[in-house]
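# Coordinate analysis (summary)
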Amino acid sequence: MSDEENKEEKELDLTSADVVTKYKNAAEIVNKALQLVVAECKAGVKVVDLCEKGDSVIRDLTANVFKQSKKKIEKGVAFPTCVSLNNTVCHNSPLASDESLVSANDIVKIDLGCHIDGFVAVVAHTHVVQDGPVTGRAADVIAACNTAAEVALRLVRPGRKLAHGVSIASTVQNKDVTEALQKVAAAYDCKIAEGVLSHQMKQFVIDANKVILSVSNPETRVDDAEFEENEVYAIDIVTSTGEGKPKLLDEKQTTVYKRAVDKSYHLKMRASRFIFSEINTKFPIMPFTARALEEKRARLGLVECVNHELLQPYPVLHEKPGDLVAHIKFTVLLMPNGSDRITGHALQELQPTKPLEDAEIKGWLALGTKAKKKGGGKKKKGKKGDGPDDAGEGEAAGEAESMDTS
């Protein structure tokens, strides 16, 4: 590889100030979109209207950034807004004809993403449609998810050491984070949902090679990996009061897809060819919702595209009726000075059924997220998230800090 190619490759990660700015611009937009969707999340509102709200905010706000750039910069929705209620786990982004409504006391999971020049910021948040503090098992499952997210934030960090019993501390790997998530969920008598993966992200890639499993099992294996400086991760956590084994109930509910860029096939149906051409033009890389396509042709054409693996479906998954499910996802930049969580939203006040008492979990929460400065000097007041944070014990998680978008 030439010096010029090396330079170009280097500029695509967080060593480039321009790349960091684009991540933080995308994060500010996705946080704003989430804030506006949460504000409209009320009884009687159509689920599809909330999804449209999130996507339209992202499209409108991304249209106003980098307008003076000399080269064309791709930007917009990186993951279509999904609104999943109660025991529905994820990926619910219904078609325009859907009449589903939000009801009082629903547990609503909102999931969305934005990109600028392929640098992606994603976020998911859980909101209960009620006034006042969240109590009972609903509080437990959200607290479990939030505490797991806070622990993951502190462990997904370059050079972080973790003691294993009486052995010498070793560098944290992805499998250590998986084990920690299980312990946190168990502390609230909840389960981490299987099949949810936290991915490293790169330019135009929302699911790069380094992966953190939510739950270890023989059917899903990933390579052991350590976390390195200048990497970006989407930390994705789902907790349940049920078994934590989400199921696909109806393939017809699936509306979110992503182009499988490594696959090719000569489609037979005219409707399929029309839709696939539209997808290649509008959504060549990022996930999209079928709602954004011409609906009648989409119903026919998408089936053949999926059957021949030209599209990767994101199925709508469910726990059992009566189970409560929470979802939190955030984007974290592994900067030289520590972990920088750039997406998120404040939780409602939580009153779990029991306090968090596990000493090891409290120890993880007491870890800082920023690197300690060497040498003396006046000690500055710590920013939110830098020190101990018993997140989930009735305290709302802090909102993502405002970001420099100049």
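The protein chain appears in an unreviewed UniProt entry as ERBB-3 binding protein 1 from Marchantia polymorpha subsp. ruderalis. Recorded in UniProt under Subcellular location (unreviewed entry), the annotation for the protein chain is "Nucleus".

## Some details on helix α5 (residues 174–187)
For α5, which comprises 14 residues, the first-to-last C-alpha distance of 21 Å matches the rise-based estimate of 20 Å (1.5 Å per residue) to within 8%. For α5, every residue scored as buried is listed here: N174, D176, V177, T178, A180, L181, V184 and A185. Directly beyond the C-terminal end of α5, a positive phi value near 55° is found at D189.

## Points about the nonpolar core
Judged by nonpolar contacts, the single largest core of 47 residues is most densely connected at L14, Y23, V108, L112 and L333. Elements represented by at least two residues in this core include exactly α2 (17–39), α3 (47–62), β1 (75–85), β3 (107–116), β4 (119–128), β11 (232–240) and β17 (325–335). Top element by residues in this core is α2. It accounts for 11 residues. Inspection of this core shows a minimum of three residues originating in each of domain 1 (17–254 + 315–366) and domain 2 (255–314). The residues touching L14, leaving out its near neighbours within four places in the chain, are V19, V20, Y23, N230, E231, V232, L333, L334 and M335. Within the second largest apolar cluster, 43 residues are counted, among which are A139, A144, I235 and L356.

## Quick notes on the environment of V325
Topologically, V325 is positioned in strand β17. Taking the relative accessible area as the measure of exposure, V325 reaches 0% and is therefore buried. Between the alpha carbons of V325 and I142 there is a distance of 7.8 Å; along the sequence they are 183 residues apart. Beyond its immediate chain neighbours, meaning those up to four positions away, V325 contacts N86, N87, V89, I107, K109, V141, V238, T239, S240 and E319.

## Some points on the packing of α2 against α3
At a minimum axis separation of 9 Å, α2 and α3 run at an interaxial angle of 150°. The two elements α2 and α3 cross, and the hand of that crossing is right-handed. The segment α2 lies against α3, with I29, V30, K32, A33, L36 and V37 engaging L50, K53, G54, V57, I58, L61 and T62. When grouped by side-chain class, the residues that make up the contact of α2 with α3 number nine nonpolar, two polar and two charged.

## Some points on the sheet that holds strand β12 (residues 247–248)
Here we have three strands laid out as an open sheet, ordered β2-β16-β12, and antiparallel in their pairing. Both edges of this open sheet fall to β2 (88–90) and β12, since each of them pairs with a single strand only. Here β2 runs beside strand β16 (residues 317–318); their pairing, made up of two bridges, is antiparallel. Looking at the pairing, T88 lines up with H318 of β16.

## Quick word on the pattern of salt bridges
Enumeration over the complete set of coordinates arrives at 24 salt bridges. With its nearest N and O atoms 3.0 Å apart, the salt bridge here joins K329 to D111. Separated by 218 residues along the polypeptide, K329 in strand β17 and D111 in strand β3 bring together distant segments of the chain. Accessibility classification places K329 together with D111 in one group, the buried group. Among the ionic contacts, a cluster of salt bridges with common partners joins E52, D55, R59 and R291.

## Description of the sheet that holds strand β13 (residues 256–259)
The sheet built from three strands is open, its strands ordered β14-β13-β15 with antiparallel pairing. At either end of the open sheet lies a strand with only one pairing partner, and these are β14 (288–289) and β15 (311–314). In the sheet, β13 pairs with β14 via two bridges, with the strands oriented antiparallel. Note on β14: the bridge partner recorded for V256 is T289. The sheet strands contacting helix α7 (residues 295–307) are β13 and β15, and the helix crosses β15 at an angle near 105°.

## Description of the side chain of D323
As for its placement among the helices and strands, D323 is situated in the loop between β16 and β17. It turns out D323 is buried and unbridged, and the closest side chain with the opposite charge, K320, is 6.5 Å from it.

## Comments concerning the packing of aromatic side chains
Evaluation of the coordinates by the stated rule reveals five aromatic pairs. Ring plane angle 85° and centroid distance 5.4 Å describe the contact between F227 and Y233, whose orientation is recorded as edge-to-face. Overall, Y233 belongs to the buried group, its relative accessible area being 0%. Their ring planes at 35° and their centres at 6.2 Å tell us that Y257 and F288 sit as a pair that is tilted. You can see Y257 sitting in strand β13 and its partner F288 sitting in strand β14, a full 31 residues away along the chain. In textbook terms, an aromatic cluster arises when at least three aromatic residues are bridged by ring pairs, as seen for Y257, F283 and F288. Looking at K329, its charged tip hangs above the ring of F79, at a distance of 5.3 Å from the centre. Between the NZ or CZ atom of R341 and the centre of the ring of F330, over which it lies, the distance is 4.3 Å.

## As for the state of the cysteines
In the structure shown here, the tally under the stated rule is zero disulfides. Of the cysteine sulfurs around C51, a residue in no disulfide, the closest is that of C82, at 6.3 Å. The thiol of C190 is not disulfide-bonded; the next cysteine sulfur, from C145, is found 9.4 Å away. For C190, a relative accessible area of 6% corresponds to the buried category.

Rules used in this analysis
Residues numbered from 1 in each chain as written. Predicted model: local features only at pLDDT ≥ 70, side-chain atom pairs only at ≥ 80, totals over all residues. Heavy atoms only, no water. UniProt positions renumbered as here; feature names shortened; annotations may be inferred. Helix = DSSP H or I, 4+ residues; strand = E, 2+ residues; numbered from the N terminus. Expected span 1.5 Å × (residues − 1). Buried < 20%, exposed > 50% of the residue type's maximum accessible area, 1.4 Å probe, protein only. Core = buried A, V, L, I, M, F, W, Y, C linked by side-chain atoms within 4.5 Å. Domains from an automatic or database assignment. Contact = heavy atoms within 4.5 Å. Axes fitted to C-alpha atoms, helices over the stretch in contact; angles between N-to-C directions. Left-handed = near helix turned anticlockwise from the far one by under 90°. Nonpolar A, V, L, I, M, F, W, Y, C, P; charged D, E, K, R; others polar. Pairing = 2+ DSSP bridges. Salt bridge = Lys/Arg side-chain N within 4 Å of Asp/Glu carboxyl O. Lys, Arg positive; Asp, Glu negative; His and termini not counted. Phe/Tyr/Trp six-rings, centres within 6.5 Å; stacked < 30°, edge-to-face > 60°. Lys NZ or Arg CZ within 6 Å of the ring centre and 35° of its normal. Disulfide = S-S within 2.5 Å.

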